[in-house]
Amino acid sequence: MQFTSYAFLLFFLTVLVLYWAAGGRRWQNLILLAASFIFYGWLAPWHSAVLFASIAVDYFLALAMVRWKPRAVLFMWLGLSLNIGLLAFVKYYFTFDEILAAWAGGFGISSDHFLSFIILPLGVSFYTLKKISYLIETARGTLQPARDFIAYAAYISFFPQVFSGPIDRPQKLLSQLETPRVWASSHFYNAWQLLLMGLFKKIVIANTVKVFVDQIFLMKEPSKVFLIVGGLGFTLQILADFSSYTDLSRGLAFLLGLQTTENFNKPYLALTPGEFWNRWHISFSSWLRDTIFFPLRRTLLKMQRLPGFLPEIIPPLVTMFISGLWHGTGLTFITWGLYYGVLIVIYQWIGIRGNWKPANGFGRFLAWLMMFLLIVFGWIIFRAPSMPWLWNALVYSPLYRSVDELTASLVLAIMIAFYASLLLLKYMLELAWPSRENIHAFYYAAATLLTLVFMNSSSPDFIYFQF
Amino acid sequence: MKSKSVFTRYLLFLCGFLLAGGFYLPFHYNIPFPAPLAAEFEPGIKTETIKGINENRADLVLIGDSVLKEGVDDEELSSLLGVNSYAIPVPGSGTAAWYLVLKNVILKAEHRPKYVAIFFRNTMLTVPQYRTTGKYFPLLDDYATDDEPLLVELAFTSQMNPIEKFSKQYIPWYSARLEIREDLDNLLRYRPASLLIGCNRECTDNAVGSIFGREVDSAALNQMMEDAAETLYAPEEMNFQKQVDESFLPYMIQLAQENDINLIFVRTKILGLEPLELTDYAGSLDSYLLQQEHVFLVDFSRDPRITNEFQIDSLHMNEFGRREFTKILANELQSILEE
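This structure is a prediction, so every number in the text was calculated from the model and none was measured.

Looking only at helices and strands, one finds 16 helices and five strands in chain B. If one aligns the C-alpha atoms of chain B with their principal axes, the spans along those axes are about 75 × 50 × 45 Å. Counting all 339 residues of chain B, 35% fall into the buried class. Partitioning the intrachain contacts of chain B with sequence separation of at least 6 by distance along the chain shows that 81% fall at a separation of at least 24.

Below, the structure is given as structure tokens:
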């Protein structure tokens, strides 16, 4: 059930009415939990059963950590193994299936027996990270485990974010679920702009740009001009697509009286790779930072025999490698992750860290341009169908093969620029006239009409569902 | 900035736009108000295929999408079977187009074939809206007349939710959306190219068309086809009993039976993975087809004779596959034709 579907609209309105009619924290959480399991099990009810079982295991493991403190680390590792095991199974299922089929074929057993697949549950990557945070923080003693199972289960399975985040920490969302909620008109006024922009970005920008981005990345041997245009297009598409999901998710949460994390903060304005990751998929990058980067760095710093540069190099490389692995099992994702690890190391090496900013405007522009080009190149790696394909395109393909290619690239670049300008315009209005209500209201009305005009134009799937 | 106040102003602007559009757009695009719910087709149909059936005096007509086009050599099939065969492959088509080909092409031909073979896979036969909108619409229009109530009902109207129906009829911004999008697309596509590099409409079309005709990366294509197939693997689409009465399948069978045509459904092979739930669906479809008179089923979906060597991707055959599959098909059809 997609956020942009009619079925979801009916589902959400029913939940909303029941939720606010129920009153009382316990009933609200129960309705939220039931709604989340219906939503999650919409494709296959057993998905909800798997989710429920894994939630229950973590809940009891966290309680056991407090009950038997000396064994807390053991319980934590047990929980981590189960969660990472489930995640690995889902990520590598198809690889296992093919290996098994090939192995059986070797014994003369028809591989047709294995040529069928189960519809794998989505969103495992997202809720697994929530659960890992919960287990680690409980084991460290920085978080008291939840006593209220319903609130905890509603936190993990919270339907507006179960498929694609944001990956809210227990301190942020669970604490809100443990307190009573009362309807206020501010819930609606906080939500409507997010919902509208979510639909606009998805339907008008992401779905439209996707059509020619797909076409370029489908080519067997694209020339470099197409690779550049495709990279620019995907840079826009993935931001519009993923941030639209976050907007919709946050808007829905607001309507339920819950405030969730902002996931994007103008990421393409970053001047350094570190800053990019502070602005892009914020809930995920802060999870990586707190769960992997800092603990690893602290551990390495304690090892006195290690050369001094290793605690500087290893944490970003390992963290970004894991980030790549989390996004997918293909070599392109791992390369993309490592690419960012290497970029962070290089920037650190030349003395550029975190929120570094050149003093003058021209310097800032150059730093931005450099970073933007690096980001686009990163997305080309990410979107490439395979590494050999990318290698061929980068090394062997000509800049262009004919005048037709240049013309087509120009036309596509203009289209990308047009759809990017719709987003840029909003940023500029916010910057230039932050309090001119008429201008903003006009923009939202125009965005609504464009959404109406672009409805049903292409695929409704969100890119980040696959991770 | 107060969100409540912005919302009020937003509503005022939106109402203003909707009203202005309500007056201007129907006039500008010549769309009646309220707009008709149904899609409108041009009156004529493509007649080359009718001619093809007549000229070939085809007794066996094959219908399908690009899988048929790439997979079967109809001339070779004719010589192997000793029966005149004629293929009408419509790349990018679905069951809506096949219904139209049966009704408006085969039944309108002077020479009436004895057999019609329909090449399908997975749940295609019972998903009436599959490949009917957007870029597929003109393809339907090639075979539709301006009076297709069943097509309109099954592929379009019954697929619309109440909000969509209301919007289509009463909100011109929505009912004229294809025309508005085309205008915007034309503006972005032609005007800048003409201003910047002096490339006119034809020059731009040729340039953009050249990208879309390129050789594609087969791994990426497979991935895209799998993504597209997700529509056909949606849980509701795999519920055969629920879908069959809302599909073109019973109508195609009825049309064939009323006109003494034997229908042969040919299930083609997909290399790779399929959902487990499809097994139940396929079982129900098979029982349904076998209960019908003058209806036959040939199932290649698990045929070990069709190997990876035959295919260029998960669906389509290469030249070698085409030659070999035509022989295999002839072999299977022979027994049906002899009955």
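It is worth spelling out the domain arrangement of chain A at this point. Residues and elements named next belong to chain A. Assigned domains within chain A: domain 1 (6-183) and domain 2 (187-466). The partner domain 2 presents 23 residues to the 25 residues of domain 1 that form the contact. At the level of elements, helix H1 (6-22), helix H4 (72-106), helix H5 (124-140) and helix H7 (170-177) are the ones that each hand at least two residues to the side of domain 1 that touches domain 2. For the side of domain 1 that touches domain 2, the leading source of residues is H5, giving five residues.

Residues and elements named next belong to chain A. As a packed pair, helix H3 (residues 45-67) and H5 sit with axes 9 Å apart at the nearest point and diverge in direction by 10 degrees. Taken together, H3 and H5 sit at an angle that is classed as roughly parallel. Along the contact surface, H3 presents Asp-58, Leu-61, Ala-62 and Met-65, while H5 presents Lys-131, Tyr-134, Leu-135, Thr-138 and Ala-139. Broken down by class, the residue content of the contact of H3 with H5 amounts to six nonpolar, one polar and two charged.

Hydrogen bonds along the backbone pair up the strands of a sheet, which may run parallel or antiparallel. All names here are of chain B. Taken in spatial order, the five strands of this open sheet run E2-E1-E3-E4-E5, and their pairing is parallel. Since the sheet does not close on itself, it has two edges, and those belong to strand E2 (85-89) and strand E5 (295-299), each with one partner. In this sheet, adjacent strand axes meet at a mean angle of 20 degrees when their direction is disregarded. Along the sheet face, helix H5 (residues 95-106) touches strand E1 (60-64), E2 and strand E3 (115-120) and points at about 145 degrees away from the line of E1.

Here is what the cut-offs are and how they apply
- All residue numbers refer to position in the chain's written sequence, counted from 1.
- To read the labels, note that chains go from A and ligands from 1, taken in the order they are written.
- Only residues with pLDDT of 70 or above have their local features reported here, since the model is predicted, and side-chain atom pairs are shown and tallied only from 80 upward, although totals for entire chains, interfaces and linings are computed over all residues.
- Under the DSSP-based scheme used, a helix requires at least four consecutive residues in state H or I and a strand at least two consecutive residues in state E, with every element numbered from the N terminus.
- For the exposure call, what matters is how many other C-beta atoms sit within 10 Å of a residue's own: 20 or more marks it buried, 12 or fewer exposed, and in between partly exposed, using C-beta atoms placed from the backbone.
- Note on contacts: each residue gets a C-beta atom placed from the backbone, and two residues are in contact if those atoms are within 7 Å.
- As used throughout, domain bounds are those supplied by an automatic or database domain assignment.
- Between the N-to-C directions of two axes lies an angle of 0 to 180 degrees, each axis being a line fitted to C-alpha atoms and, for a helix, fitted only over the stretch in contact.
- When an angle is under 35 degrees it counts as roughly parallel; over 145 it counts as roughly antiparallel; between 65 and 115 it counts as roughly perpendicular; any other value is oblique.
- Classes in brief: Ala, Val, Leu, Ile, Met, Phe, Trp, Tyr, Cys and Pro nonpolar; Asp, Glu, Lys and Arg charged; the others, Gly included, polar.
- Here a strand pair is declared whenever DSSP counts at least two bridges between the two strands.

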